[in-house]
Amino acid sequence: MKTAPRSFVIVDGTAGASLRHVVTALEGLTAAVTLTDQAKDQAMQRTQLRTTQLGATGLEITRVGFGAWAIGGGGWEFGWGPQEDEESIAAIHRALELGVNWIDTAAAYGFGRSERVVGRALEGLAERPYVFTKASLVEGPGRRVVHNLKRDSILREVETSLDRLGVEAIDLYQIHWPIPEEDIDEGWAAFAELKEQGFVRHIGVSNFSTEQLRRIQSIAPVETLQPPYSLIDRDAENEILRYAERERIGVIIYSPMASGLLTGRMTRDRIAHLPDDDWRKHDPRFREPQLSRHLDLVERLKTVAGRHDTTPGAVAIAWTVRNPAVDGAIAGFRRADQVDPILTAATIELTDDEVDEIEAEN
Ligand SMILES: NC(=O)c1ccc[n+]([C@@H]2O[C@H](COP(=O)([O-])OP(=O)(O)OC[C@H]3O[C@@H](n4cnc5c(N)ncnc54)[C@H](OP(=O)(O)O)[C@@H]3O)[C@@H](O)[C@H]2O)c1
């Protein structure tokens with residue numbers, strides 16, 4: 001495989017002292033940033049898994065990355081019910097052991113908990129994976145999400161994320177949601193500043209429309225896009241994936257197994273017994289009239305999985321990375337035993353007949 005570039009702008013000093021550095025560097029009051037050709041926290045560059053270029057970033061990523069939403073646990077607006085941090089760390093370590101070379105998290109996941117757990121999992125590793133995180137969703141009253149794309153809020157967020165993750169610089173920093181619409185430009189300009197100063201290495205967006213992407217491209221190039229994409233959510237095919245491919249924007253897609261719905265383990269009985277603070281319990285995709293259609297799809301995935309000696313979840317992910325615009329799929333894991341059965345997705349070659357068979361009723 002090719003290796004990632006070794007020249008990074010990195011921040012001098014410890015990540016814990018970063019806010020002062022972020023602010024002072026951005027205000028030009030002091031030279032808090034130094035250039036070096038050897039990042040102190042060099043990301044993992046060797047893996048036995050198949051890799052691909054993430055757009056024009058120069059990052060060489062495995063086709064499947066570790067999604068850290070669920071390990072943010074329960075007790076917030078989009079929580080996943082109870083979660084043991086030790087189990088989360090074991091899941092991350094298992095994924096890294098198998099060669100996964102990137103993790104996608106967000107400050108919003110458990111309002112810092114997911115980033116803290118990722119930081120703990122990375123402590124003491126000789127080589128760490130690429131760390132991607134996001135900003136723009138902050139904690140509001142009642143542990144509900146509030147959207148904020150103001151520059152000062154983004155600067156506060158990056159400082160806390162660097163601190164929690166314990167890294168010198170974030171490999172990919174993404175705007176989580178383009179809300180509020182009128183602040184998108186201000187938020188993106190702040191992201192461009194952070195990149196210029198070396199606090200983050202690459203910048204991208206999530207959940208943006210093509211129109212919104214075009215709009216911010218004039219402020220700074222959008223390096224990556226993170227849209228939802230799965231067999232039950234194919235909207236991205238309409239326009240945005242083609243646009244990203246044409247513009248050489250790297251694409252990592254989220255919820256490839258429809259947040260667990262396509263794994264074969266999500267039964268009617270399990271849904272009925274999901275804890276109240278698991279957002280899926282209240283989501284229409286997990287309820288009738290949609291649920292029957294989704295469970296029928298799972299049956300078709302099981303048939304194809306049987307032929308490849310793999311799992312329905314792995315086939316669902318393999319289907320997403322067939323799209324030529326998609327560089328990587330972000331798969332969420334909460335326990336170590338969930339990782340192995342899904343990672344084969346990177347190697348499954350679905351035939352056109354199998355794709356027709358899977359898509360038949362959708
Ligand atoms: N940018 C955004 O707005 C956005 C939005 C959503 C997601 N994301 C990113 O994308 C990542 C992935 O999306 P996602 O977490 O929604 O869903 P996903 O990858 O489609 O599904 C993940 C869930 O499937 C279940 N699962 C995983 N492996 C399994 C196995 N081997 N057997 C049975 N069940 C298994 C787990 O939940 P259970 O065990 O509880 O069933 C897991 O949390 C997130 O972690 C996050 O990083 C980003």
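Residues numbered from 1 in each chain as written. Predicted model: local features only at pLDDT ≥ 70, side-chain atom pairs only at ≥ 80, totals over all residues.

Some details on the packing of helix α2 (residues 85–97) against helix α3 (residues 113–122)
Short version of the rule: In this analysis, axes come from line fits to C-alpha atoms, helices being fitted only over the stretch in contact, and the angle between any two N-to-C directions falls in the range 0 to 180 degrees. Counting from the N terminus, the helices are the DSSP runs of H or I reaching at least four residues and the strands are the DSSP runs of E reaching at least two. Angle categories are assigned with fixed cut-offs, so that under 35 degrees is roughly parallel, over 145 is roughly antiparallel, 65 to 115 is roughly perpendicular, and the rest are oblique. Note: crossing handedness is left-handed where the near helix turns anticlockwise from the far helix by less than a right angle, and right-handed where it turns clockwise. Contacts are defined on C-beta atoms placed from the backbone: any two residues whose C-beta positions lie within 7 Å are in contact. Three classes are used: nonpolar for Ala, Val, Leu, Ile, Met, Phe, Trp, Tyr, Cys and Pro, charged for Asp, Glu, Lys and Arg, and polar for all others, with Gly counted as polar.
Packing of α2 against α3 leaves a shortest axis separation of 9 Å and a crossing angle of 55°. When the axis of α2 is compared with that of α3, the two are oblique. Judged by the twist between their axes, the crossing of α2 over α3 is right-handed. Contacts between α2 and α3 pair Asp 85, Ser 88, Ile 89, Ile 92 and His 93 from the former with Val 117, Val 118, Arg 120 and Ala 121 from the latter. Considering only residue class, the contact of α2 with α3 consists of five nonpolar, two polar and two charged.

Topic: the packing of helix α9 (residues 290–307) against helix α12 (residues 352–359)
Their axes nearest at 8 Å, the elements α9 and α12 cross at an angle of 155°. Judged by the inter-axis angle, α9 sits roughly antiparallel to α12. Of the residues in α12, those in contact with Arg 300, Leu 301 and Val 304 of α9 are Glu 354, Glu 357 and Ile 358. Of the residues that constitute the contact of α9 with α12, the class distribution is three nonpolar, no polar and three charged.

Comments concerning the site of the ligand
Put simply, the rule reads: Any residue whose C-beta atom, as set from the backbone, lies within 6 Å of a molecule or strand is reported as near that molecule or strand.
The ligand sits among 27 residues. The nearest are Gly 67, Trp 69, Met 257, Gly 260 and Gly 332. The set of elements that each furnish at least two residues to the shell around the ligand consists of β14 (328–332) and α11 (340–343). Per element, the largest residue contribution to the shell around the ligand is three residues, and it comes from β14. Of the residues that constitute the shell around the ligand, the class distribution is 12 nonpolar, 12 polar and three charged.

Observations concerning the environment of Phe 208
The criterion, for reference: Here the C-beta atoms are placed from the backbone, and a residue counts as buried if at least 20 other C-beta atoms lie within 10 Å of its own, exposed if 12 or fewer do, and partly exposed otherwise.
Within the element layout of this structure, Phe 208 appears in the loop between β11 (203–206) and α6 (210–217). Residue classification places Phe 208 among the buried residues on the basis of 23 C-beta atoms within 10 Å. Each C-alpha atom, one on Phe 208 and one on Ile 184, is 10.0 Å from the other, the two residues being 24 residues apart in sequence. With near-sequence residues (within four places) excluded, Phe 208 lies in contact with Pro 178, Leu 213 and Leu 225.

Description of the pairing of strand β9 (residues 144–147)
Cut-off, in case you're wondering: Two strands are said to pair when DSSP picks up at least two bridges between them.
Inspection of the sheet shows strand β8 (residues 137–140) paired to β9 by four bridges, in the antiparallel sense. Considered in β9, the bridge of Glu 139 is made with Val 145. Connecting β8 to the antiparallel partner β9 that follows it, the hairpin turn spans three residues, and Gly 142 within it adopts a positive phi of roughly 70°.

Describing the pairing of strand β10 (residues 172–175)
Defined as follows: Looking down the strands as they point away from the viewer, one classifies a crossover as right-handed if the path from the first strand across the helix to the second runs clockwise.
Burial of β10 is two-sided: the residues Leu 172 and Gln 174 facing one way and the residues Tyr 173 and Ile 175 facing the other way are all buried. Sheet topology places strand β7 (residues 130–135) next to β10; four bridges connect them, and they run parallel. Paired with Thr 133 across the bridge in β10 is Tyr 173. For the segment spanning β10, helix α5 (residues 184–197) and β11, crossover handedness is right-handed.

As for unusual backbone geometry
Along the chain, Ile 179 connects to Pro 180 via a cis peptide bond; the corresponding omega equals -5°. Within the secondary structure layout, Pro 180 lies in the loop between β10 and α5. Of note, the bond from Glu 288 into Pro 289 is cis; its omega dihedral lies within 30 degrees of zero at 10°. Assignment of secondary structure puts Pro 289 in the loop between α8 (268–272) and α9. Positive phi, normally seen in glycine, also occurs at Ser 255, with a value near 50°. Examined against the element boundaries, Ser 255 turns out to sit in the loop between β13 (250–253) and α8. Under the C-beta neighbour-count criterion, Ser 255 is labelled buried, with 23 such atoms within 10 Å. One non-glycine residue, Asp 309, adopts positive backbone phi at about 55°.

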